[in-house]
Amino acid sequence: TPVVTDAPPRRVPPPRPLAITGVSGSAEAPIGLAASLEREPEVGARLALLDQVVATEAAVGGADLALDALEELLEAPLPGDFDDAQTLRLSALSHVGRLPGARSEALLAARVGDGERPRPERLLSVELLAGRPYAGRAELTRVAYGDHDPVVAARARWALEQPIR
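Residues numbered from 1 in each chain as written. Predicted model: local features only at pLDDT ≥ 70, side-chain atom pairs only at ≥ 80, totals over all residues. Heavy atoms only, no water.

Draft legend 1. Examining the packing of helix H2 (residues 43-75) against helix H4 (residues 102-113) more closely. The contact between H2 and H4 brings their axes to 10 Å, and the two run at 20 degrees. It follows from the interaxial angle that H2 and H4 lie roughly parallel. In the crossing of H2 with H4, the sense of the turn from one axis to the other is left-handed. Contacts from Asp64, Leu67, Asp68, Glu71, Leu74 and Glu75 in H2 reach Arg103, Ser104, Leu107 and Arg111 in H4. Taken together, the residues that form the contact of H2 with H4 break down as three nonpolar, one polar and six charged. (Axes fitted to C-alpha atoms, helices over the stretch in contact; angles between N-to-C directions. Helix = DSSP H or I, 4+ residues; strand = E, 2+ residues; numbered from the N terminus. Parallel < 35°, antiparallel > 145°, perpendicular 65-115°, else oblique. Left-handed = near helix turned anticlockwise from the far one by under 90°. Contact = heavy atoms within 4.5 Å. Nonpolar A, V, L, I, M, F, W, Y, C, P; charged D, E, K, R; others polar.)

Below, the structure is given as structure tokens:
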């Protein structure tokens, strides 16, 4: 028989964001993800750290917590030369594409539709949206038939032609 009490149900506090700590390892001095990536000496180590942080945040706080970190990273100045920064940004974008939900779809659709974004970011966003039924279709249609970049427009048309699975 179930036990009935007058006590209100316990509220579980929301998960706390992963605290990325400084060199001292002190949890009292959290730093941002971009700053943590900057402390790594080369792009391979930065990519590994990004993978680790996203996996940890997704496991601890779910997709929304991971998306918070990724969205901030997509807009931040990234460490390294142009190629290193672009590699990090594309990796962050691919992580967005692997996360479920409307928020990740909206981030990808916004990237596709922003003509000021570099072509590789827009093409990757198209590819990631192509695998999601009904996601970003309005933005893909707008880009497919009215974008200034013929390569992105052709890829958006390709994405729209993919069968809905």
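Draft legend 2. Just the nonpolar core, in detail. The biggest cluster of nonpolar side chains holds 36 residues, and the ones touching the most others in it are Leu50 and Leu73. Among the secondary structure elements, those contributing two or more residues to this core are helix H1 (33-39), H2, helix H3 (82-98), H4, helix H5 (119-130), helix H6 (137-146) and helix H7 (150-161). In terms of residue count, the dominant contributor to this core is H2 (10 residues). If near-sequence neighbours (up to four positions away) are discounted, Leu50 is found in contact with Leu33, Leu37, Leu70, Leu73, Leu88, Ser91, Ala92 and His95. (Core = buried A, V, L, I, M, F, W, Y, C linked by side-chain atoms within 4.5 Å. Buried < 20%, exposed > 50% of the residue type's maximum accessible area, 1.4 Å probe, protein only.)

Draft legend 3. Representation of the pattern of salt bridges. Taken as a whole and assessed by the stated rule, the structure comprises 14 salt bridges. In this structure, Arg117 and Glu75 form a salt bridge, with 3.1 Å as the shortest nitrogen-oxygen distance. Taken together, the residues span a long stretch of sequence, with Arg117 in the loop between H4 and H5 and Glu75 in helix H2 at a distance of 42 residues. What you see here is one network of salt bridges that share partners, running through Glu75, Arg89, Arg111, Asp114, Arg117 and Glu121. (Salt bridge = Lys/Arg side-chain N within 4 Å of Asp/Glu carboxyl O.)

Draft legend 4. Highlighting the packing of aromatic side chains. The full count for this structure, using the stated rule, is zero aromatic pairs. For Arg155, the ring lying beneath its charged end belongs to Trp158, and the centroid distance is 3.8 Å. (Phe/Tyr/Trp six-rings, centres within 6.5 Å; stacked < 30°, edge-to-face > 60°. Lys NZ or Arg CZ within 6 Å of the ring centre and 35° of its normal.)

Draft legend 5. Representation of the environment of Leu140. Within the element layout of this structure, Leu140 appears in helix H6. With near-sequence residues (within four places) excluded, Leu140 lies in contact with Val112, Val126, Leu129, Ala135, Ala156, Ala159 and Leu160.

Draft legend 6. Structural context of the packing of H6 against H7. Two numbers describe how H6 lies on H7: the axes approach to 7 Å, and their chain directions differ by 135 degrees. Viewed along their axes, H6 and H7 adopt a mutual orientation that is oblique. Here H6 and H7 pass one another in a crossing that is left-handed. Listed contacts from H7 to Arg137, Leu140, Thr141, Val143, Ala144 and Tyr145 of H6 are Val152, Ala153, Ala156, Arg157, Ala159 and Leu160. Of the residues in the contact of H6 with H7, the class split is nine nonpolar, one polar and two charged.

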